[in-house]
Each structure stands twice: as C-alpha cells, then as structure tokens.
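# An overview of the molecular structure
One letter stands for each residue in the lines below.
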Amino acid sequence: MEFLMVQLTELKQRFVEQFGGDAAVISAFQAPGRVNLIGEHTDYNGGAVFPAALTFGTTLLIAPREDRKLGFASTNFPAEKEIPLDGIAFNAEDDWANYPKGVVWELKQRGIELSRGYNFMYHGEIPNGSGLSSSASIEVVTAYALLTLEGKPTDTVQIALWSQHAENEFIGVKCGIMDQFAVANGRKDHAIHLDCDTLKYELVPFRSGDYKLVIGNTNKRRGLVDSKYNERRAQCEQAVSELRAAFPELTLLGQLTLQQFEDNAHLIADETVRRRARHVVEEIDRVGRSIEVLNKDDLAAFGQLMNASHDSLRDLYEVTGDELDAMVAAAREVPGVLGSRMTGAGFGGCTVSLVHQDSVERFIAEVGDKYESATGLKPAFYVCDIGDGVGELKGEA
Ligand code: ADP
Ligand code: MG
C-alpha cells in the first residue's frame, strides 16, 4: 500500500492527542479495499470470483493499554468509544465500532482471549457502503493487528474466514467470503481466482500495461439491496432444487458445467428463475475464460468479458438499475475503453472499467457529465492500481 509517511506521522500525532501515551509504542497496519473484476453473484452459488486488492484501504494505529478496555476512534466518524474488553456484545449505539468489536468477539470464540486492552485509531480511504469493502477492510486489519500484537499466527485465509464470520454473526450481514478473502490475500499486480466453495485460490498476474482500472462510484444509495439480494439467493436455491431431478446430489449452481446447464435448463419451470440460474452458470464460465485470456495478456478479450458480465447482470440477473447502466453505457462510448461493468452486489455502488491511460482524463470528464445529466447524481472516480493484502507498516515514520 502506498501510504505517505507524512500522513502516518500526522495520524500518530492524532492518536497521541486522542489517547495519550507515547508515539513510539504505536504499531501501524493496513488492509486494502477490493474490487471484483468479474464473477458477480457467483460466490454464494459456490462459483468462482476474480477480485483484486486496491492500493487504498484502511490504516489502523494501535497501542496496548494498561487496563482491560478498548478505545476506538476513526478519522472517518466522530463517535469515539470506550468499551470494556470483557463481555463484548453488539450494541447499536456503538455504531461503526461494532465492526472491530465483532472481530474481538470472534477471536474469543476461537479461543484467543486478548491479554490486555488496546486503543485503536482507524483512517479509511475507501468510500463506505459503495461496494469496495470498507467493512471487510476494517475487520481484516483489526484481526491481523490483534493477532500480531498477541503473538498469534497470522494466517490470512483464517483471518478472512473469521472476519467473514464476525460480519455474518456479530454485525448480522450475510456476506460471502470474497471481500474478506481479497482484502486479506491480495497481491500487487495480481487478481485472485477464488473458488468460493472450496476456497482454493490462485493469484493470476494482471499485467494491465497501458491500461488503468477506473472505478466509478454512482453515489446512489443502495436502498433495496438486502431484500433483492435475498430474493436472488432464494431463486438460485429454487433452480438447484428443480435441477436435482437430473443431478440428485446438486447443492449449488456452481457445481454445474455450462453444458450440463444447457442440457437441463428446461427442468426449471419459471422463466425468471431460469434466467437467474443462466446468469450464474455463464458468469462462472466467464471467470474461467478471463483467466485464459489474461494468461495471454489479451486485455481486449478480457474487456469483452467484462461487458458481457454487465449485460448479463442487467438482462438476466436484473441487479444493475438505471444508475449503473447509465454509467456503463457512457463509459463504453469513450474511445480507449476495453470494457466496463458494475461491480459488487448491484443496485448502486460502483462500476469498474478498463481504460487506456491516455483516455483516463477524458473518461472521467465525459462519463461524469453524461452520468450526471442522466441521473442527477454526482459520481466520483478512482484511478486504481492493484495492491497488496493486509500487512504491518514497519519502519515508516
Ligand atoms: P462497504 O463494505 O461496501 O464499504 P458496508 O456497509 O458493508 O459497506 O460497511 C461500511 C461500514 O463499515 C461503515 O458504515 C462503518 O460502520 C464501517 N467502517 C468502514 N471503514 C471504517 C473506518 N475507516 N472507520 C470506521 N468505520 C468504518
Ligand atoms: Mg461491506
């Protein structure tokens, strides 16, 4: 991660102003945000995803305390919290501090009881609630830091699983494993080909050459996302139960090949449910093809797959919405764009586009204008490189 030393020095000063003590005992950690390049709504179907860690994320400064309390501060949120370490439970009044509290709770479930209290100060560069996984980033950086300071192993696959479990059970958000996995295990200039069923993964070089990943934030509130998400999950389960007529052992759509699906799609009675299932199976196939073309450095072919992914999410899975569609349509009109798609759960959030570096400025201006006149919303753009997963910032400042 590229975090400027001057920022770290300033953050340490802020930490000392907030909590007192000596700046020399502060440790610093970082976890990135993530973007999913292709493979959307495949994770909970046991299929593959293809996320990458970003070069911006969440920085955590942390120092031990004399008492058994946890002090929480964030440069992104005003509320500061002091919470007894023993007897941690979800409390709506603790607002964002429930995310790190959930990690402490999770560690305790796993038999790792903190030996003392800590002060935490977070500094997030990821827009919250936009699908770039600021929640996974804060969870993973917290878990990694606490395990390090407590002298425990920092297995990044385990950290991902524990962080996901904390978000599922403590926060109550039924997210899949992709976000925490990418944030914990990302690697500079690589995307992660992750099988969400087996957790087998492979780092795939993403040699973007003269092209940049540009993330566009629609800044649309994701109002309906939870109910629609649950509806899609139920439709996928419905498809599985009907396909069991041909595959009695089937538990997840991701277990089917495209051909097996084609041969048996007629078993799904409802046309809408059939379209949902088709998206999932074809999208998983697109992830496999993406790896093939990227291994040949064929970015143009990857761009085509990104486009096909968005079109399927729009027409078959129906999770895009006017804002994402408007932004993607505007992006594809800019010369030098190889592909553009929504990323994340949909219904708002972000798009990701592969843009020639000489076109980035024009891209931001033109897509920004067209998007704003189509929707009345002001977008934000981030020109990204692929960065490393969670780690300690050593020797800086
Ligand atoms: P996403 O993960 O898509 O960004 P979520 O709604 O899952 O959106 O998580 C966002 C929430 O995570 C924030 O509202 C806040 O509670 C918490 N959070 C994320 N980053 C920080 C941070 N730097 N400081 C404090 N809380 C944070
Ligand atoms: Mg989240």
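Conventions and cut-offs
- Residues numbered from 1 in each chain as written.
- Chains lettered and ligands numbered in written order.
- Predicted model: local features only at pLDDT ≥ 70, side-chain atom pairs only at ≥ 80, totals over all residues.
- Heavy atoms only, no water.
- UniProt positions renumbered as here; feature names shortened; annotations may be inferred.
- Helix = DSSP H or I, 4+ residues; strand = E, 2+ residues; numbered from the N terminus.
- Pairing = 2+ DSSP bridges.
- Axes fitted to C-alpha atoms, helices over the stretch in contact; angles between N-to-C directions.
- Contact = heavy atoms within 4.5 Å.
- 1 Å grid on protein atoms, 1.4 Å probe; cavity = no way out; pocket = protein on both sides within 12 Å on 5 of 7 lines; lining within 4 Å.
- Buried < 20%, exposed > 50% of the residue type's maximum accessible area, 1.4 Å probe, protein only.
- Parallel < 35°, antiparallel > 145°, perpendicular 65-115°, else oblique.
- Left-handed = near helix turned anticlockwise from the far one by under 90°.

### Details of the UniProt feature "domain: GHMP kinase N-terminal" (unreviewed entry) in the protein
Using the residue numbers shown here, the UniProt feature "domain: GHMP kinase N-terminal" (unreviewed entry) corresponds to residues 98–186. The distance from the first to the last C-alpha atom of residues 98–186 is 25 Å, and the span holds 58% helix and 8% strand.

### Details of the sheet that holds strand 10 (residues 337–343)
In spatial order, the strands read 10-11-9-12; together these 4 strands make up an open sheet with antiparallel pairing. Of all strands in the sheet, those bounded by a partner on one side alone are strand 10 and strand 12 (380–384). Between one strand axis and the next, the sheet turns by 20° as a mean value, whatever way the strands run. Sheet strands in contact with helix 10 (residues 321–332) are strand 9 (211–217), strand 10, strand 11 (350–356) and strand 12, and its direction is about 170° off that of strand 10.

### What to know about the UniProt feature "binding site: substrate" (unreviewed entry) in the protein
UniProt's feature table lists "binding site: substrate" (unreviewed entry) at Glu 40, His 41, Thr 42, Asp 43 and Tyr 229, given in the numbering used throughout. Spanning 190 residues, the named residues form one tight spatial group whose C-alpha atoms are at most 12.4 Å apart. Restricting the annotated residues to those that line the largest pocket leaves Glu 40, His 41, Thr 42, Asp 43 and Tyr 229. Mapped onto the elements, His 41 comes out in the loop between strand 1 (27–36) and strand 2 (48–49).

### Some thoughts on the sheet that holds strand 5 (residues 77–84)
Across the sheet, which stays open at both edges, the 6 strands sit in the order 5-4-6-3-1-13 with mixed pairing between neighbours. Of all strands in the sheet, those with a lone pairing partner are strand 5 and strand 13 (391–393), marking the two edges. The sheet shows a mean angle of 25° between the axes of neighbouring strands, direction not considered. Relative to strand 13, strand 1 runs antiparallel, the two being bridged by 3 bridges. Within strand 13, the position partnered with Ala 28 by the bridge is Leu 393. Here helix 5 (residues 178–185) sits on the sheet in contact with strand 1 and strand 3 (51–64), set at roughly 130° to strand 1.

### Describing the environment of Asp 179
As for its placement among the helices and strands, Asp 179 is situated in helix 5. Look at Asp 179 and you get buried, because its relative accessible area is 17%. Distance from Asp 179 to Ala 53, taken between C-alpha atoms, is 9.3 Å for residues 126 residues apart in sequence. Discounting chain neighbours no more than four positions away, the residues touching Asp 179 are Arg 34, Ser 133 and Ala 136.

### Structural notes on the packing of helix 2 (residues 98–109) against helix 4 (residues 156–171)
For the pair helix 2 and helix 4, interaxial distance at closest approach is 9 Å and the crossing angle is 110°. One finds that helix 2 runs roughly perpendicular with respect to helix 4. Of the two possible hands of crossing, helix 2 and helix 4 adopt the one that is right-handed. Contacts between helix 2 and helix 4 involve Asn 98, Tyr 99, Lys 101, Gly 102, Val 103, Trp 105, Glu 106 and Leu 107 from the first element and Trp 162, His 165, Ala 166, Glu 167, Glu 169, Phe 170 and Ile 171 from the second.

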